[in-house]
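Single-letter residue listing:
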Amino acid sequence: MGLLSEGSPLSWADTQAHADHVRKHGIEQFINQYQKLKERKNDVLYWGDEVEYMLVKFDDDKRTAKLTLKAEPVLTSLQAKEKESPENHPTTWRPEYAAYMVEGTPGKPYGGLLAHFNVVEANMKLRREEITKRLGTNEVPLSLTSFPRTGCPNFTVPEHKPTPTSGASRSLFYPDEVIFPGHPRFRTLTRNIRERRKEKVAINIPLYMDEKTKAVEDLTPLGDDGESQMAAKPENIYMDCMGFGMGCSCLQVTFQACNIQEAMRLYDELTPLCPIMLALSAASPIYRGRLADIDARWSVISQSVDDRTKEERGIEPLKTNKYQIQKSRYDSTDSYLCERHQPYNDINLIYDQEIYKRLKENDISELLSLHIAHLFIRDPISLFSEKINQDDTEDVDHFENIQSTNWQTMRFKPPPPQSKIGWRVEFRPMEVQLSDFENAAYTVFIVLLTRVILTYGLSLVIPISKVDENMKTAHKKDAVQTEKFHFRKEILTDCTPDEVTQCLANTKCKECSCIDEEYTEMTIDQIINGGDEFPGLIAMINNYMSSVDIDVDTRCTIQQYLNLISKRASGEIPTTAQWMRNFVRTHKDYKQDSVVSESINYDLLKKCVEKTGCCLNDFSKTSDNIPTALSKAEGYLNKKNPPSYKNVTPVYEQNGDDAV
């Protein structure tokens, strides 16, 4: 969702004219907040999830399933209920990019008690129920990563036509009316990304080539002036606007750390897990009505917001632009933050040297300075006239303007000014699952891993270039079953060979050959369930669970979640992407041409509705209340170890920097 400032959006020309102003003051805002909050500590390990839903309408007579564009009235109703009791309401609702999407989070954060793991699924069920109550007959909320026929003719209710020669996106396939109308940010981003790039975005993803699949598509009948035909690659699914990426849904988890050092450590240690969890949660094998030869959404979104010019992409020599930039502003994490991990930052990081110098002058660590200076090579792509001039000692809108439009797999999040919220990290790669049980399982799994990492001092870091390679691998069809990923061999100790130890002590060292001996290639089954000499992440979680006090119901629920993760990794239970692909290919109407027709889409989404209520078995003990005694115990712990920041009781950030 990102920074939802109120006001009048500027044109791209006016936004670009203020780019240096935004960067300069954004850095000063970060420095001021850093100096105020760098010593903050003892914050509770709060966490929370964010689930995005698509609103789907079925016509059983015509056998169609379409996206219904009623997110704005649904959201208005949901938020009205929330505003009646803002301190006690169990859910919170925010807009997303498309007029068929809403985002729901728990009303309050989950805390450090293990019993909180037993409330996640119940809260997710409540969120789905709250949306359903506000929908009409044959309308349902689906936690669907990618709607199969987005961009096909008449894929929404009401129907709208694309306008290739006018409007924000000028798409051949995606009408501007599908963009959420309730806030100007979304259309402004769409327009400014296109105008900054000086052409439409070009999304090409591999097409699944079946017996009768057409390798080339003629775009002339759709009103193409030649630009799209030139951009479309053979044997690919071509898409041409932001909506194809930001109109996807996802599952994200945010963690509050006890201090900045712990936040940076979680950021680093979770980074290698991003491609693993992307592949393990893969749920989007269909785009624009055709089967893709990939299973995950990330590269689609990356291309959909790629505002780099031809100069920045290296297609033309630099003349008017300052940098050649290797990635889209929506891509994988580019560097680690902890100083001890500097030798693992083995890719060439492009950064603003003046900004880096300014950060270092204010005693900000080397790698954090590089991280921020790297983010700030980007232009702001949305600016409101009322927000140009700010008080850098109190405001952070200019910083968040650029921070929140660098959509990486991990996000490092400073505390907002005058807030109860601490230093946080956001885990962003996971695809949303169809059922609340599955989404709760993935959420609980990644949260438990943070506890294991911190408790046992696990070391998961590998060279950042290998994480990038893993991200590419994670997209591949059936990657969970057929691919291997770079992963650290020894995660139970921080001990390293003498050469690495020497490198870690020397912050100027960039390379160390013995680092290559620290990792190997593993299947996801080996990473999750163990194999050979590697114990497996689930074994580490079970070991942790055996060492802590936990009630029977919560232990039972967690075990069911771990069973799902384990069986997904082993292949006993297919990923959502595998199931969808198989459903399409075995459907009676499928013609071996990669096309997902209206009838196939209808039957597929009907099955998706059935799966929203699925569970691995009947032993989940999820509840919507934490036992009173345990709540009192948490209150005691918070009182015993209060935050050092005056009058702070950390809460989950409701206006987090999410998918858009």
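This text follows the structure it describes.
Fair warning: this is a prediction, and the values are worked out from it, not measured in the lab.

Regarding the overall build of the protein chain
Stage number 1. For the protein chain, the helix and strand inventory stands at 23 helices and 17 strands.
Stage number 2. Taking contacts inside the protein chain between residues at least 6 apart in sequence as the whole, the part at least 24 apart equals 79%.
Stage number 3. Accessible area for the protein chain stands at about 25,200 Å²; split by element, carbon and sulfur atoms hold 48% of it.

Considering the environment of I528
Stage number 1. With respect to the helices and strands, the residue I528 is situated in helix α18 (residues 524–529).
Stage number 2. Taking C-alpha positions, I528 is 7.9 Å from I565, a pair spaced 37 residues apart along the chain.
Stage number 3. Excluding residues within four positions of it along the chain, I528 makes contact with L280, F445, G536, L537, I538, I565, S566 and A569.

Digging into the pattern of salt bridges
Stage number 1. Scanning the entire structure with this criterion turns up 44 salt bridges.
Stage number 2. The residue K36 makes a salt bridge to E394 at a minimum N-O spacing of 3.8 Å. Here K36 is found in helix α2 (residues 19–37), whereas its partner E394 is found in the loop between α12 (366–375) and α13 (397–403), with 358 residues between them in sequence.
Stage number 3. The salt bridge partner of E598 is R149, with a shortest N-O separation of 3.8 Å. Taken together, the residues E598 in helix α22 (residues 598–611) and R149 in the loop between β5 (139–142) and β6 (156–157) connect sequence positions 449 residues apart.
Stage number 4. Connected through shared salt-bridge partners, D20, R23, R196, D307, E312, R329 and D379 make up one network.

Overview of unusual backbone geometry
A negative phi holds for most residues other than glycine; trans holds for most peptide bonds.
Stage number 1. With an omega of 0 degrees, the peptide bond between V157 and P158 qualifies as cis.
Stage number 2. Position of P158 relative to the elements: it lies in the loop between β6 and α5 (185–197).
Stage number 3. Even without glycine at this site, R170 takes up a positive phi of about 55 degrees.
Stage number 4. By the secondary structure assignment, R170 is in the loop between β6 and α5.
Stage number 5. With relative accessibility at 34%, the residue R170 sits in the partly exposed group.
Stage number 6. One non-glycine residue, K198, lies in the positive phi region at around 70 degrees.
Stage number 7. Following the sequence through the fold, K198 ends up in the loop between α5 and β7 (203–206).

What counts as what
Residues numbered from 1 in each chain as written. Predicted model: local features only at pLDDT ≥ 70, side-chain atom pairs only at ≥ 80, totals over all residues. Heavy atoms only, no water. Helix = DSSP H or I, 4+ residues; strand = E, 2+ residues; numbered from the N terminus. Contact = heavy atoms within 4.5 Å. Areas by Shrake-Rupley, 256 points an atom, 1.4 Å probe, with all protein chains shown as cover. Salt bridge = Lys/Arg side-chain N within 4 Å of Asp/Glu carboxyl O. Buried < 20%, exposed > 50% of the residue type's maximum accessible area, 1.4 Å probe, protein only.

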